[in-house]
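# Fold and geometry: a report
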Amino acid sequence: MAFSAAELDFLLADCAAGSPLINDATTYQLTKKSLVQDLSHLRKAHGDNARALVELVQARRAGKLPESWLMDSESVQQATPPVVAAWRAEVLKAAGVEAAVDVTCSIGTELYALSAAGLRVLGGDLDHQRLRMARFNVPEAPVVRMDALRPAFAGDLKSGVVVADPARRNSSGRIAKLEDLQPPLPELLDCYDKMVVKCAPGIDYSEFDGHVEVVSVDGGVKETCLYSPAILGRGRRAVVMGASSVKETVTSDEPETDRVGGVGRYIVDPDGAIVRAGLVRQYAARHGLWQLDPHIAYLTGDELPAGVRGFEVVEEVPLKKARSALVGLGAKSVEILVRGVDVDPDELRKKWKLKKGNAGGNGGASGAGAADTAYSVVVTRIGEGGAAKAVAFICRARRSSRG
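What counts as what
Residues numbered from 1 in each chain as written. Predicted model: local features only at pLDDT ≥ 70, side-chain atom pairs only at ≥ 80, totals over all residues. Heavy atoms only, no water. Helix = DSSP H or I, 4+ residues; strand = E, 2+ residues; numbered from the N terminus. Buried < 20%, exposed > 50% of the residue type's maximum accessible area, 1.4 Å probe, protein only. Contact = heavy atoms within 4.5 Å. Areas by Shrake-Rupley, 256 points an atom, 1.4 Å probe, with all protein chains shown as cover. Lys, Arg positive; Asp, Glu negative; His and termini not counted. Charge placed at Lys NZ, Arg CZ, Asp CG, Glu CD. pLDDT = per-residue confidence, 0-100. Polar contact = N/O pair within 3.5 Å; in protein donor to acceptor, adjacent residues only side chain to side chain. Pairing = 2+ DSSP bridges. Axes fitted to C-alpha atoms, helices over the stretch in contact; angles between N-to-C directions. Domains from an automatic or database assignment. Parallel < 35°, antiparallel > 145°, perpendicular 65-115°, else oblique. Left-handed = near helix turned anticlockwise from the far one by under 90°.

In the annotation of an unreviewed UniProt entry, the entry for the chain reads THUMP-like domain-containing protein, and the organism field reads Corynebacterium jeikeium.

Here is the structure:
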């Protein structure tokens, strides 16, 4: 929950005094089980400000942003992961950008990254309390209250780029169209020549005339970012990141393969950034893989890409015969992956009713026994129309030792 002006006054004053009250609040567990009692103790000591202390400490414990920052749970949830913001700042710097204005700066995540990359920056937001937190979190960055659709800057910053993170949800749920963003993308583009617009991963960017970048962190797709043609030209790039660095990038100007064929030794489920960026065939060409079906993102080949988790194929069966095949193999637990077939993995697992425990009957799956009875099942559709069939590939999960 957002801080009131009075609560933020209290927190800023405590920070200026060396954070004794905040530090005291960190000694409480603040878990679901202890929260009522902890909050009662804090209220006795700090009155109405106890809620602000709890909110701050819990937000910091999410571990997403620098722990010394001022933040609330909502701003943390909405904030760009620092590793993604740092990547974007370096992309802009490499493109020759020298100045940037974040017109939806919130508590300062992008400002911090842009400033650290050496760009001149200005932050703006309509939320006064978040501006105050941004001013504390990134003291080197000037911030002003502004409407994203009413530029409040000029001079050398006006020749730079504008970064915006429009609202990704409305009363109907998650926004999927660019014109439904708040503010709408067409209106933002009418205001600025060079824009970087952060969007939800599932946004339909097919009508955007510029550079599209889809970024994932540790396997989770975090955002789709749109760059005006004047910044990076046109095309698409998938950026696959770990917790602190870039693992791989794939671009639309790379060679792609149209090879489709039977299953090889391994099946690879490409990272979500690669799939959402529409770069599965480029990724396949780079790593010597091919598609099982031209309309499905699963890839196959005889080697796994370096550092990638894949699935070594043990048996291929029609989906209807998957349970009997698993029973025959002594499977006790399964990981289920599905593309192109209308089945729910959890419902499928319940339907198969595999016996739990170790195949050796020693009272529980553990150690080598558990590994021996654990399988992954890749379910997909192969073929079109009347020739389409649902296929189950029973596999062992593997990770490439290369790289």
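The number of helices and strands found in the chain is 15 helices and 18 strands. If one aligns the C-alpha atoms of the chain with their principal axes, the spans along those axes are about 65 × 55 × 40 Å. The proportion of buried residues among the 403 residues of the chain is 49%. Restricting the contact set of the chain to residue pairs at least 6 apart, pairs at least 24 apart contribute 65%. Split by element, the accessible area of the chain, about 19,400 Å² in all, is 49% carbon and sulfur. Here the chain contributes 51 positively and 51 negatively charged side chains, and the mean placements of these two sets differ by 7 Å.

The next point concerns the confidence of the model for the chain. Looking at the chain, pLDDT values average 92 and 95% of them are 70 or higher. Per-residue pLDDT stays below 50 along residues 358–368; that stretch engages in 12 contacts with residues further than four places along the chain or on separate chains.

For the rest of this paragraph, the subject is the side chain of N137. If you trace the backbone, N137 turns up in helix α8 (residues 128–137). Using a relative accessible area of 7% as the deciding quantity, one classes N137 as buried. Within polar-contact distance, the side chain of N137 engages the backbone nitrogen of L70 at 2.8 Å. A polar contact is formed between the side chain of N137 and the backbone oxygen of I107, at a distance of 3.0 Å. Setting aside residues up to four positions removed in sequence, N137 forms contacts with W69, L70 and I107.

Another aspect to go through is the environment of G108. Summarising the element assignment, G108 is placed in the loop between β1 (99–102) and α7 (109–116). Since its relative accessible area comes to 0%, G108 is described here as buried. Residues G108 and N137, spaced 29 residues apart in sequence, show a C-alpha to C-alpha distance of 6.6 Å. If near-sequence neighbours (up to four positions away) are discounted, G108 is found in contact with W69, A134 and V138.

A few words now on the sheet that holds strand β15 (residues 309–318). Adjacent strands of a sheet pair through backbone hydrogen bonds, lying either parallel or antiparallel. Within the open sheet, the seven strands sit side by side as β13-β14-β12-β15-β18-β17-β16. Their pairing is mixed. Unpaired on one side and paired on the other, β13 (290–291) and β16 (333–339) mark the two borders of the sheet. Of the strand pairs in this sheet, β16 and strand β17 (residues 374–382) are connected by seven bridges, and their pairing is parallel. The residue bridging S333 from the neighbouring strand is A374, located in β17. Sheet contacts for helix α12 (residues 280–287): β12 (266–268), β13 and β14 (299–301); angle to β14, the most-contacted strand, approximately 10 degrees. Across the sheet, helix α14 (residues 345–352) touches β16 and β17, and the angle it forms with β16 is around 140 degrees.

Here the focus is the sheet that holds strand β8 (residues 211–217). Ordered by their spatial adjacency, nine strands build an open sheet running β3-β2-β1-β4-β7-β9-β8-β10-β11, and the pairing between neighbours is mixed. The sheet terminates laterally at β3 (143–145) and β11 (246–251), the two strands that pair on one side only. Each adjacent strand pair in this sheet contributes to an overall mean axis angle of 20 degrees, direction not counted. Bridge count for β8 against strand β10 (residues 235–241) is seven bridges, and the pairing is parallel. Within the sheet, the bridge partner assigned to V217 lies in β10 and is M241. Packing of α7 onto the sheet brings it into contact with β1, β2 (120–125), β3, β4 (161–164) and β7 (195–199), and relative to β2 it is tilted by some 175 degrees.

On to α8. Counted residue by residue, α8 has seven buried out of 10 residues, so it is predominantly covered. Where α8 is concerned, the buried positions are Q129, R130, L131, R132, M133, A134 and N137. On its buried face, α8 is in contact with α1 (5–16), α5 (73–78), β2 and β3. Its side-chain oxygen at 3.0 Å from the backbone nitrogen of Q129, D127 defines the N-terminal cap of α8.

Right, let's talk about the pairing of strand β9 (residues 220–227) for a bit. Here four bridges tie β7 to β9, and the two strands are oriented antiparallel to one another. Opposite V196, over in β9, you have Y227 as the bridge partner. As paired elements, β8 and β9 share seven bridges and run antiparallel to each other. When the bridges of β9 are listed, E213 appears paired with C225. Connecting β8 to the antiparallel partner β9 that follows it, the hairpin turn spans two residues, and D218 within it adopts a positive phi of roughly 50 degrees.

Before going further, it helps to spend a moment on the domain arrangement of the chain. For the chain, the assigned domains are domain 1 (5–64), domain 2 (80–249) and domain 3 (266–354 + 372–400). Here domain 1 and domain 3 have C-alpha centroids that lie 47 Å from each other.

Quick look at the environment of R174 now. Turning to its location among the elements, R174 is positioned in strand β6 (residues 173–174). Exposure remark for R174: the relative accessible area of 49% places this residue in the partly exposed category. Aside from chain neighbours lying at most four places away, what touches R174 is R168, R169 and A200.

Their axes nearest at 10 Å, the elements α1 and helix α4 (residues 50–61) cross at an angle of 70 degrees. Here α4 runs roughly perpendicular to α1, going by the angle between their axes. The element α1 and its partner α4 pack so that their crossing is right-handed. Contacts from E7, F10 and L11 of α1 reach α4 at R51, A52, L53 and L56.

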